[in-house]
Amino acid sequence: MVTRRAECSCGQLSATCSGEPIRISVCHCLACKRRSGSAFSFNARFADGDVAIEGRAAEFTRIGDEGGRVIYSFCPDCGTTVHYRIDTDPGLIAIPVGAFADLSFPPPAFSVYHESRRYKWVEIRTEPLKTFG
Ligand SMILES: [Zn+2]
Ligand SMILES: [Zn+2]
């Protein structure tokens, strides 16, 4: 079984993930731009039991557009978000794919806030791709 390790910029906080993710998506919402500092976020969700977290984390809770809570866990030393949970997706843990620093990571199948919040110069060229919003 494939094992992939995500970690923060300083390496203190890590998430080791077994098996393939359940869902891989990009999100163009404004909150994701702020969190990532980038044009969109790239995220993979795994079953809770397939992820082993090591290291210290601080938490930040954001209320999502649909009223659900998103709880981000980030390294208190370097600030990188290494995992987060969404209230409306119990049993799953989301990992920002950039934290794997792995070019062989599979591409996203979903693009969220695709029409309403995407920078017009961003093109997601992967198939199949389901777009929302
Ligand atoms: Zn760190
Ligand atoms: Zn988003």
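Owing to the predicted nature of the structure, the values given are computational and were not obtained by experimental measurement.

Time to look at unusual backbone geometry. Cis peptide bonds are those with omega within 30 degrees of zero, and the linkage from Glu127 to Pro128 qualifies with -5°. Within the secondary structure, Pro128 sits in the loop between β10 (110-112) and β11 (130-131). Even without being glycine, Tyr113 reaches a positive phi, approximately 55°. Mapped onto the fold, Tyr113 is located in the loop between β10 and β11.

Around the zinc ion (ligand 1), the protein contributes the donor atoms Cys8 (SG), Cys10 (SG), Cys75 (SG) and Cys78 (SG), which lie 2.3 to 2.4 Å from the metal centre. Expressed as a motif, the donor residue spacing for the zinc ion (ligand 1) is C-x1-C-x64-C-x2-C. Of this pair, Cys10 sits in the loop between β1 (3-7) and β2 (14-18) while Cys78 sits in the loop between β7 (69-74) and β8 (81-86); the two residues are 68 residues apart in sequence, bridging distant segments of the chain.

A few words now on the nonpolar core. The biggest cluster of nonpolar side chains holds 17 residues, and the ones touching the most others in it are Phe46, Val51, Ile95, Phe100 and Phe105. Mapped by element, the contributors of at least two residues to this core are β2, β4 (41-47) and β9 (92-96). Those residues in contact with Ile95 that sit more than four places away from it in its chain are Ala6, Ala15, Cys17, Phe42, Asn43, Ala44, Phe46, Val51, Val82, His83 and Phe100. By size, the runner-up hydrophobic cluster in this structure holds 5 residues, among which are Val70, Tyr72, Tyr84 and Ala94.

Moving on, we get to the coordination of the zinc ion (ligand 2). Ligation of the zinc ion (ligand 2) by protein atoms is provided by Cys27 (SG), Cys29 (SG) and Cys32 (SG), these donors lying 2.1 to 2.3 Å from the ion. In the primary sequence, the donor residues of the zinc ion (ligand 2) line up as C-x1-C-x2-C. Judged by relative accessible area, Cys29 falls into the buried class, the value being 7%.

Let's shift gears to the side chain of Ser41. Inspection of the secondary structure assignment puts Ser41 in strand β4. Residue classification places Ser41 among the buried positions, given a relative accessible area of 2%. Within polar-contact distance, the side chain of Ser41 engages the side chain of Asn43 at 2.9 Å. Discounting chain neighbours no more than four positions away, the residues touching Ser41 are Ser25, Val26, Cys27, Cys32 and Arg35.

We now examine the sheet that holds β1. Sheet architecture is open: 3 strands sit in the order β1-β2-β5, paired in antiparallel fashion. If you trace the sheet from one side to the other, it starts and ends with β1 and β5 (51-54), each paired once. Ignoring strand direction, the axes of neighbouring strands in this sheet form an average angle of 15°. Bridging between β2 and β5 involves 4 bridges; their strand directions are antiparallel. Paired with Ser14 across the bridge in β5 is Glu54.

Criteria and cut-off values
Residues numbered from 1 in each chain as written. Chains lettered and ligands numbered in written order. Predicted model: local features only at pLDDT ≥ 70, side-chain atom pairs only at ≥ 80, totals over all residues. Heavy atoms only, no water. Helix = DSSP H or I, 4+ residues; strand = E, 2+ residues; numbered from the N terminus. Donors = N, O, S within 2.8 Å, 3.2 Å for Na, K, Ca; no water. Core = buried A, V, L, I, M, F, W, Y, C linked by side-chain atoms within 4.5 Å. Buried < 20%, exposed > 50% of the residue type's maximum accessible area, 1.4 Å probe, protein only. Contact = heavy atoms within 4.5 Å. Polar contact = N/O pair within 3.5 Å; in protein donor to acceptor, adjacent residues only side chain to side chain. Pairing = 2+ DSSP bridges. Axes fitted to C-alpha atoms, helices over the stretch in contact; angles between N-to-C directions.

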